[in-house]
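# Close look at the chain arrangement
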Amino acid sequence: MPEIFQSLQIVREKIAEAAARAGRDLQEIQLVAVSKTHPPEAVRAAMDAGQMLFGESKVQEARAKIPLCPGRARWHFIGHLQKNKIRHALPLFELIHGVDSLELARDLDRVAGEMGLHPRALLEVNVAGEGSKFGFAPAKLRTAMEELLALGRVQIEGLMCIPPPQSKAEDARKFFVALRNLRDELMREFRVPLPQLSMGMSGDFGTAIEEGATLVRVGTAIFGERSGKTWKASETRADD
Ligand SMILES: *Cc1c(COP(=O)(O)O)cnc(C)c1O
């Protein structure tokens, strides 16, 4: 899959350019290659090009795919985590990007306790204030923060957002700024380090980096358009 090699090169160059524009150290920015809907072959092609960190948004799909990928790949969960999938998700992922409610955080903490794990997590914030989307409203997060930080197992490392789709990357900037400002306020108010900001996708990761992203979640720009369906093991070729 030579196109994946080339696409990755282009994405890396754009990341480096955005970091340079913002005067930021490239070391602070991690690329999460979002492999959802794509087969293990695509993950392997990206690994051949030096990419080791991947993002998946469905636990079912990840459970089927990850065992078929080289063991040195690292995985982040970027989707909406359902309560009944926590037990399967925890051993697979080194970071959960989208903890979007106090209930989910409590459940994660309880299951992690039963499994003897200490999961790392980011809190998803609904920066656009739409009623239908997942995530903490900023005001709700302020009131939930004390309890979130007191959880014995789950370690909160920062914030994440998925702004509404924009026609221009520039239109997403205000949401990235809002997430960074909220993170800065929470750090001051609660005196905790919250180093991670997961923001920016294929259409706007450069803008997100200019505004402080430490994790950009990029799928289409690396792997191409998605069919829309989740990948299933049965779709793997017999000779795979
Ligand atoms: C699918 C997905 C992405 C990647 O989106 P692209 O536009 O393909 O880069 C990033 N973040 C989340 C939460 C996603 O679900």
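Numbering of residues starts from 1 in every chain and runs along the sequence as written. With pLDDT at 70 or above as the cut-off, local features in this predicted model cover only qualifying residues; side-chain atom pairs require 80 or more to be listed or tallied, and sums for whole chains, interfaces and linings still use all residues. Side-chain measures here rest on the full set of heavy atoms in the structure, leaving out hydrogens and waters.

Two aromatic rings from Phe, Tyr or Trp, using only the six-membered ring of Trp, form a pair when their centres are within 6.5 Å; if the ring planes differ by under 30 degrees the pair is stacked, by over 60 it is edge-to-face, and anything between is tilted. Overall, the coordinates contain 2 aromatic pairs when judged by the stated rule. Centre to centre, the rings of F54 and W75 are 5.4 Å apart; their planes meet at 35 degrees, and the pair counts as tilted. Separated by 21 residues along the polypeptide, F54 in strand β2 (residues 53-56) and W75 in strand β3 (residues 74-77) bring together distant segments of the chain. Each member of the pair, F54 together with W75, is buried. Consider the rings of F77 and F93, whose centres lie 5.2 Å apart with planes at 65 degrees: the pair is edge-to-face. Here the residue F77 occupies a position in strand β3, and F93 occupies one in the loop between α4 (86-89) and β4 (95-99), the gap between them amounting to 16 residues. Strands here mean DSSP runs of E at least two residues long; helices mean DSSP runs of H or I at least four residues long; both are numbered from the N terminus. Under the scheme applied here, a residue whose accessible area is under 20% of the maximum for its type counts as buried, over 50% as exposed, and between as partly exposed, the area being computed with a 1.4 Å probe on protein chains only.

Our next topic: the site of the ligand. The full set of residues close to the ligand is V34, K36, I78, I162, M201, S202, R217, V218, G219, T220 and R226. Distance and chemistry together define a polar contact, namely a pair of N or O atoms within 3.5 Å, with one atom able to donate a hydrogen and the other to accept it when in protein, and with adjacent residues in sequence counting only for side-chain atoms on both sides. Contact distances for the ligand include 2.7 Å between an oxygen atom and a side-chain N or O atom of K36. G219 has a polar backbone atom sitting 2.8 Å from an oxygen atom of the ligand. Computed by Shrake-Rupley with a 1.4 Å probe, the accessible areas treat only the displayed protein chains as cover when residues are assessed. Within the complex, the protein chains bury 88% of what would otherwise be the 390 Å² of accessible surface of the ligand. For cavity detection a 1 Å grid was placed over the protein atoms alone, and a set of points counts as a cavity when a 1.4 Å probe fits there but cannot get out; an open set counts as a pocket when protein lies on both sides within 12 Å along at least five of seven lines, with lining residues being those that have an atom within 4 Å of a point. Just a note on the criterion: a molecule sits in a pocket or cavity if more than half of its atoms are within 2 Å of the grid points. Here the ligand occupies the largest pocket. Along the lines of polarity and charge, the residues of the shell around the ligand split into 5 nonpolar, 3 polar and 3 charged. To be near a molecule or strand, a residue needs just one of its heavy atoms within 4 Å of it. All amino acids are sorted into three groups, where Ala, Val, Leu, Ile, Met, Phe, Trp, Tyr, Cys and Pro are nonpolar, Asp, Glu, Lys and Arg are charged, and the leftover types, Gly among them, are polar.

The topology assignment puts A62 in helix α3 (residues 59-65). Spatially, the C-alpha atoms of A62 and K36 are 8.1 Å apart, while their sequence positions differ by 26 residues. Throughout, a residue-residue contact means that at least one pair of heavy atoms, one from each residue, lies within 4.5 Å. Excluding residues that lie within four positions of it along the chain, A62 makes contacts with E56, P67, L92 and F93.

What the largest pocket holds in volume is close to 920 Å³. Lining the largest pocket are 45 residues, with K36, S57, I78, I162 and M201 positioned closest to its centre. No other element matches α3, which puts 3 residues into the lining of the largest pocket. Taken together, the residues that form the lining of the largest pocket break down as 19 nonpolar, 15 polar and 11 charged. Grid points are joined across faces, edges and corners, and a volume is the space filled by probe spheres set on the points. Looking at the second largest pocket, its volume works out to about 220 Å³. Lining the second largest pocket, in full, are R12, I15, A16, L26, I29, Q30, L31, G50, Q51, M52, L53 and R74. At the level of secondary structure, the elements contributing two or more residues to the lining of the second largest pocket comprise α1 (2-21) and β1 (30-34). When residues of the lining of the second largest pocket are assigned to their parent elements, the largest contribution, 3 residues, is made by α1. When the residues that make up the lining of the second largest pocket are grouped by side-chain class, the tally is 7 nonpolar, 3 polar and 2 charged.

Two measures define how a pair of helices packs: the angle their axes make with one another and the distance between the axes. Axis definition: a line fit to C-alpha positions, over the contact stretch in the case of helices; interaxial angles, taken between N-to-C directions, run 0 to 180 degrees. In contact at an axis separation of 11 Å, helix α5 (residues 102-115) and helix α6 (residues 138-150) are set at 0 degrees when each is read in the N-to-C sense. By the angle class used here, α5 and α6 are roughly parallel. Seen from α5, the contacting residues are L102, A105 and R106; seen from α6, they are A144, E147 and L148. Here the residues of the contact of α5 with α6 sort into 4 nonpolar, no polar and 2 charged. Comment on the angle field: the value is read as roughly parallel under 35 degrees, roughly antiparallel over 145, roughly perpendicular from 65 to 115, and oblique elsewhere.

Once that is clear, we can look at the packing of α6 against helix α7 (residues 169-190). Here α6 crosses α7 at 40 degrees, and the two axes come no closer than 11 Å. In terms of orientation, α6 lies oblique with respect to α7. The element α6 and its partner α7 pack so that their crossing is right-handed. Residue-level contacts link P138, L141, R142, M145, E146 and L149 of α6 to L182, E185, L186, E189 and F190 of α7. Partitioning the contact of α6 with α7 into residue classes produces 7 nonpolar, no polar and 4 charged. By convention, the crossing between two helices is left-handed when the near helix turns anticlockwise from the far helix through less than a right angle, and right-handed when the turn is clockwise.

This next bit is on the pattern of salt bridges. By definition, a salt bridge exists where a carboxyl oxygen of Asp or Glu is found within 4 Å of a side-chain nitrogen of Lys or Arg. Under the definition given, this model contains 18 salt bridges. Here E61 makes a salt bridge to K65, at a shortest N to O gap of 2.9 Å. With E61 and K65 both in helix α3 and 4 residues apart, the pair spans about one turn of that helix. Here E61 falls in the buried class, since its relative accessible area comes to 4%. The class of K65 is buried, set by a relative accessible area of 0%. Close ionic contact of R173 with E210 constitutes a salt bridge, the shortest N to O distance being 2.8 Å. Of the two residues, R173 sits in helix α7 while E210 sits in helix α8 (residues 205-210), which places them 37 residues apart along the sequence.

Geometry only, nothing functional implied.
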